[in-house]
Amino acid sequence: MDAPSTLEDWTGQIKKDISENRVFVYAKGEKNAAMCGFSHRVMQIFNTIGVDFSVRNIFSDPNIRPAICAFTNWPTTPQVFIDGQFIGGCDIVTEMYQSGELQKLLEEPAASS
Amino acid sequence: MIPIDEVKSKIEEALPGARVQVGTFSGDDHFEAVVEAPQFRGKTRVEQHRMVYAALDGLIGGAMHALALKTVPLDPDSAT
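A short tour of the structure in this document, coming up. (Residues numbered from 1 in each chain as written. Chains lettered and ligands numbered in written order. Predicted model: local features only at pLDDT ≥ 70, side-chain atom pairs only at ≥ 80, totals over all residues.)

## Focus on the environment of Asn63(A)
- Tracing the sequence through the fold places Asn63(A) in the loop between strand S4 (54–57) and helix H3 (64–72).
- Among residues more than four places away in sequence, those in contact with Asn63(A) are Thr6(A), Leu7(A) and Trp10(A). (Helix = DSSP H or I, 4+ residues; strand = E, 2+ residues; numbered from the N terminus. Contact = placed C-beta atoms within 7 Å.)

Encoded structure:
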């Protein structure tokens, strides 16, 4: 398959990303090489709890950011998905980590999609 | 640059009865806010954050580079 180029292509790619990966992050920067403090913190949390995650760098194509923001109706990145569900951005993931909710969610077997 | 007071009043107008604290960090375009509002009750965190983003109507990602946000559902009986 050719690399996505249009906004519509990217919306399709997003659906594929989040269905094929249990934890998926749309971030500023590559995996473990964030170019923004909030993206860095989200990746650090998943590393700390020892959960594998996949990342798509929103700077790798100019259509990714508008596609993901329209898909979730959410204005900022990073954006985190678990089991295909939009979980939120850095603030929500941090709160869920601090309360233990995130670890609990990830200890459970992957929700069937 | 958006004044802190403007950010605060936009949120308060959209969510009557809310307690709102707004500040900045690492520069004038990185905002942080704690919003306690009765309207958050029964909503998911994602929905609560969307309500605040909606109140700021396009500022986030534009004039506001970032908004570190904490939302707290407020018990209407405790509102003063």
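Having seen it, we continue.
## Considerations on the sheet that holds strand S2 (residues 30–37) of chain B
All names here are of chain B.
- Strand order across the open sheet formed by three strands is S1-S2-S3, with mixed pairing between neighbours. Each edge of the sheet is formed by a strand with only one pairing partner; in this case those strands are strand S1 (19–24) and strand S3 (66–73). Sheet twist, expressed as the average angle between the axes of neighbouring strands with direction ignored, equals 10°.
- Here six bridges tie S1 to S2, and the two strands are oriented antiparallel to one another. Across the sheet, arginine 19 pairs through a bridge with glutamate 36, a residue of S2.
- Docked against the sheet, helix H1 (residues 4–14) engages S1 and S2, running at close to 155° with respect to S1. (Pairing = 2+ DSSP bridges. Axes fitted to C-alpha atoms, helices over the stretch in contact; angles between N-to-C directions.)

## Details of the packing of H1(B) against helix H2 (residues 45–55) of chain B
Residues and elements named next belong to chain B.
- As a packed pair, H1 and H2 sit with axes 8 Å apart at the nearest point and diverge in direction by 115°. Regarding H1 and H2, the two cross each other, and that crossing is right-handed. Within the contact between the two elements, H1 uses Lys10, Ile11 and Ala14 and H2 uses Val52, Ala54 and Ala55.
- Among the residues making up the contact of H1 with H2, the classes are represented as five nonpolar, no polar and one charged. (Left-handed = near helix turned anticlockwise from the far one by under 90°. Nonpolar A, V, L, I, M, F, W, Y, C, P; charged D, E, K, R; others polar.)

## Quick word on the interface of chain B and chain A
- In this complex, chain B contributes eleven residues to the contact, which on the side of chain A involves eight residues.
- Broken down by secondary-structure element, the contributors of at least two residues to the side of chain B that touches chain A are H2 and S3 of chain B.
- It is H2(B) that provides the largest number of residues to the side of chain B that touches chain A, a total of five residues.
- Of the residues that constitute the side of chain B that touches chain A, the class distribution is six nonpolar, two polar and three charged.

## So, the sheet that holds S4(A)
Residue and element names in this part refer to chain A.
- Spatial strand order, S4-S1-S5-S6: four strands in an open sheet with mixed pairing. Because the sheet does not close on itself, it has two edges, and the strands there are S4 and strand S6 (85–88). With direction set aside, neighbouring strand axes in the sheet form an average angle of 25°.
- Here strand S5 (residues 79–82) pairs with S6 via three bridges, running antiparallel. Residue pairing across strands places valine 80 opposite glycine 88, the latter belonging to S6.

## A few points about the pairing of S2(B)
All names here are of chain B.
- Of the two faces of S2, only the one carrying Phe31, Ala33, Val35 and Ala37 is buried; His30, Glu32, Val34 and Glu36 on the other face are not.
- Connecting S1 to the antiparallel partner S2 that follows it, the hairpin turn spans five residues, and serine 26 within it adopts a positive phi of roughly 35°.
- By the bridge criterion, eight bridges tie S2 to S3 in an arrangement that is parallel. Note on S3: the bridge partner recorded for glutamate 36 is valine 72.
- With respect to chirality, the unit in which S2 leads through H2 into the neighbouring parallel S3 is right-handed. (Buried ≥ 20, exposed ≤ 12 C-beta atoms within 10 Å, placed from the backbone. Right-handed = clockwise from strand over helix to strand, strands pointing away.)

## Focus: the packing of helix H1 (residues 7–20) of chain A against H3(A)
All names here are of chain A.
- Packing of H1 against H3 leaves a shortest axis separation of 9 Å and a crossing angle of 60°. Overall, the two elements H1 and H3 adopt an arrangement that is oblique. Both H1 and H3 take part in a crossing whose hand is right-handed. Residue-level contacts link Leu7, Trp10, Thr11 and Ile14 of H1 to Ile64, Pro66, Ala67, Ile68 and Phe71 of H3.
- For the contact of H1 with H3, the residue count by class is eight nonpolar, one polar and no charged. (Parallel < 35°, antiparallel > 145°, perpendicular 65-115°, else oblique.)

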